[in-house]
Amino acid sequence: MSRARRASPDITYEHINITDDIADSIKSFSYTDVASGESDSVSLSIQDRERKWMGGWAPQKGDHISADARFFEWENDGDNWSIYCGEFEVDDVSMSGPPAECSIKAVSIPRSEAFNEEEHTKNWEEVTVQEVASEIAARAGIELYYEADEIAIHSLEQDKQTDCKFLYSVCEKYGLAMKVFAEKIIIFDEAVYESTAPVTTLRYEDFNPYRYNSTLEGTYTGAKIAYSDPGTGEDHIVVVGGGNRIKEINEEADNAADAQRKAIAALNNANKNATTLTGTIMARKEIIASRCVSVAGFGKPDGIYYIDKAVTKIGGSGASRQELTMHRVGYRMDNATVLIDECPDSGQVGTGMDYTVVKGDTLWSIAKQLLGSPLRYAEIYDVNKDIIEQQAQERGKKDSSNGHWIFPGTVLYIPAVEGDSKNGEQ
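Presented here is a report on the structure given in the accompanying data block. (Residues numbered from 1 in each chain as written. Predicted model: local features only at pLDDT ≥ 70, side-chain atom pairs only at ≥ 80, totals over all residues. Heavy atoms only, no water.)

**Digging into the overall build of the protein**
- The number of helices and strands found in the protein is nine helices and 24 strands.
- Looking at the protein as a whole, 48% of its 426 residues qualify as buried.
- In the protein, the share of contacts with a sequence separation of at least 24, taken over all contacts with a separation of at least 6, comes to 67%.
- Computing the positive centroid from 43 side-chain charges and the negative centroid from 71, the protein places the two 7 Å apart. (Helix = DSSP H or I, 4+ residues; strand = E, 2+ residues; numbered from the N terminus. Buried < 20%, exposed > 50% of the residue type's maximum accessible area, 1.4 Å probe, protein only. Contact = heavy atoms within 4.5 Å. Lys, Arg positive; Asp, Glu negative; His and termini not counted. Charge placed at Lys NZ, Arg CZ, Asp CG, Glu CD.)

Printed below as a string of structure tokens:
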């Protein structure tokens, strides 16, 4: 005879497993798994008939919780699995009654005042995003997992901000995702995750309820950002994309390449909401924030979606469901055409030269430095396309994204300022 499908949380509180002690008292448990931008969290509601949680068991803010969501006989006999929820710090405790009940909420922020509570002021100079994250992680005494390309920053100001909020904002500005999970800071390129194969297919009949939305409100066809050239003091404007819905970005930029990256990041962050699908399904082990799923059987809403948030809920009866928030992939403009007002010519003339790429270089910055205009980045790419693409593929990339990815040590031929070709022809 088949055993009943059931789910239950496994809870360790202050390093003591209390699962058996509270098994008959749990009213509800939920785990919120977020891809980026906020902390994961858990909540636990317990019937407190004996009023233990009002006395000696009373939870305190700052207490440590680790949790798993466990599933038994789920799809069929023997289908047992679990979701590791992570490590959490209690940040909210409430009690109510009668009958007596205790509710505990906890977040995945590491228990480090240096990371989450202390405000810091610092001017960061000539660093990368990874270097900023590494220093912050070291100060908090937690691990860093960085899964993105090197992004150079000329200058950056942290003004009376906690390291946690500051690092979130840096990642958002440069189009990266950040997640705090199990006493670790994880920074990754969301575009890479959006390009992965779907882990499962969710069909129309799997949802109860659902809501699909496709909108132009809050989305854009292009973005515009202004910056001042630190060398000349002249103001420039970078425009990404086009059309009549242009997002004005009030953000400082170091140079054309920095402005380009920030404009694209802001545009992509806004356009995530162009097509969304939210809904509730029976819990599945494949459902993890930052993964992609295929949606089928709806009609127009069908497609590939990226999971922004998954909330796994378990009731006292052992039933479980997941509430999903997703956006359709394919909105990104990472390869968009970029227009920029011309910078003054350097006035230099002559033949071309070889240039060795160093840390922090982009084709934009090289073209501006050596050719007098960042617009001439395309000339450098065209002349060096073979070596640029070869270097990108050797480092595991599909391609260089039209010269977006270049690497230290690569020797590039730089055309003459007046546009001479490599063989000197005009």
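**Here we look at empty space enclosed by the protein**
- Tallying each qualifying case throughout the model produces one cavity of 30 Å³ or more.
- Taken as a whole, the largest cavity holds about 40 Å³ of empty space.
- In terms of lining, the largest cavity is formed by Ile11, Phe29, Val42, Ser43, Leu44, Ile65, Ile104 and Ala106.
- Elements with a minimum of two residues in the lining of the largest cavity: β4 (41-47) and β7 (101-107).
- It is β4 that provides the largest number of residues to the lining of the largest cavity, a total of three residues. (1 Å grid on protein atoms, 1.4 Å probe; cavity = no way out; pocket = protein on both sides within 12 Å on 5 of 7 lines; lining within 4 Å. Points joined across faces, edges and corners; volume = space filled by probe spheres on them.)

**Side note on the packing of aromatic side chains**
- Tallying each qualifying case throughout the model produces 13 aromatic pairs.
- Taking the centre distance of 4.1 Å and the plane angle of 15 degrees together, the rings of Phe71 and Trp81 count as stacked. You can see Phe71 sitting in strand β5 (residues 64-72) and its partner Trp81 sitting in strand β6 (residues 81-96), a full ten residues away along the chain.
- With relative accessibility at 1%, the residue Phe71 sits in the buried group.
- Owing to a relative accessible area of 11%, Trp81 belongs among the buried residues under this scheme.
- Note on Phe207 and Phe298: the rings are 5.6 Å apart at their centroids and 70 degrees apart in plane angle, and the pair reads as edge-to-face. With a gap of 91 residues between them, Phe207 in the loop between β13 (201-203) and β14 (210-214) and Phe298 in the loop between β19 (292-296) and β20 (303-315) connect regions that are remote in the sequence. A single burial state applies to Phe207 and to Phe298, both of which are buried.
- Put simply, the rings of Tyr204, Phe207, Tyr210 and Phe298 pair up and form one aromatic cluster.
- Directly above the ring of Trp74 sits Arg5, whose terminal nitrogen or CZ lies 5.5 Å from the centroid.
- Lying across the ring of Trp124, Lys122 places its NZ or CZ 3.9 Å from the centre. (Phe/Tyr/Trp six-rings, centres within 6.5 Å; stacked < 30°, edge-to-face > 60°. Lys NZ or Arg CZ within 6 Å of the ring centre and 35° of its normal.)

**Considerations on the pairing of strand β18 (residues 275-282)**
- With respect to burial, β18 is a largely interior element, six of its eight residues being buried.
- Pairing between β14 and β18: five bridges, direction antiparallel. Each bridged residue has a counterpart across the sheet, and for Tyr212 the counterpart in β18 is Leu277.
- Relative to strand β21 (residues 320-328), β18 runs antiparallel, the two sharing seven bridges. (Pairing = 2+ DSSP bridges.)

**Let's talk about the pattern of salt bridges**
- Per the stated rule, a full pass over the model turns up 17 salt bridges.
- For Asp206, the salt bridge is made with Arg284, and the minimal N-O distance between the two is 3.0 Å. Of this pair, Asp206 sits in the loop between β13 and β14 while Arg284 sits in the loop between β18 and β19, and the two are 78 residues apart along the sequence.
- Judged by its relative accessible area of 26%, Asp206 falls in the partly exposed class.
- A relative accessible area of 18% places Arg284 in the buried class.
- Between Lys224 and Glu248 there is a salt bridge, and its shortest N-O distance comes to 3.3 Å. Of this pair, Lys224 sits in strand β15 (residues 222-228) while Glu248 sits in strand β17 (residues 246-249), and the two are 24 residues apart along the sequence.
- Each member of the salt-bridge network shares a partner with another, and the members are Lys122, Glu135, Arg139 and Asp163. (Salt bridge = Lys/Arg side-chain N within 4 Å of Asp/Glu carboxyl O.)

**As for unusual backbone geometry**
- Between Gly97 and Pro98 the backbone carries a cis peptide bond, its omega angle lying at -15 degrees.
- Here Pro98 is to be found in the loop between β6 and β7.
- Note that the residue after Asn208, namely Pro209, is joined by a cis bond; omega there is 0 degrees.
- In this fold, Pro209 is placed in the loop between β13 and β14.
- Of note in this structure, His15 is not a glycine but carries a positive phi near 70 degrees.
- Residue placement: His15 occurs in the loop between β1 (6-13) and β2 (16-17).
- In this structure His15 comes out as exposed when scored by relative accessible area, which is 58%.

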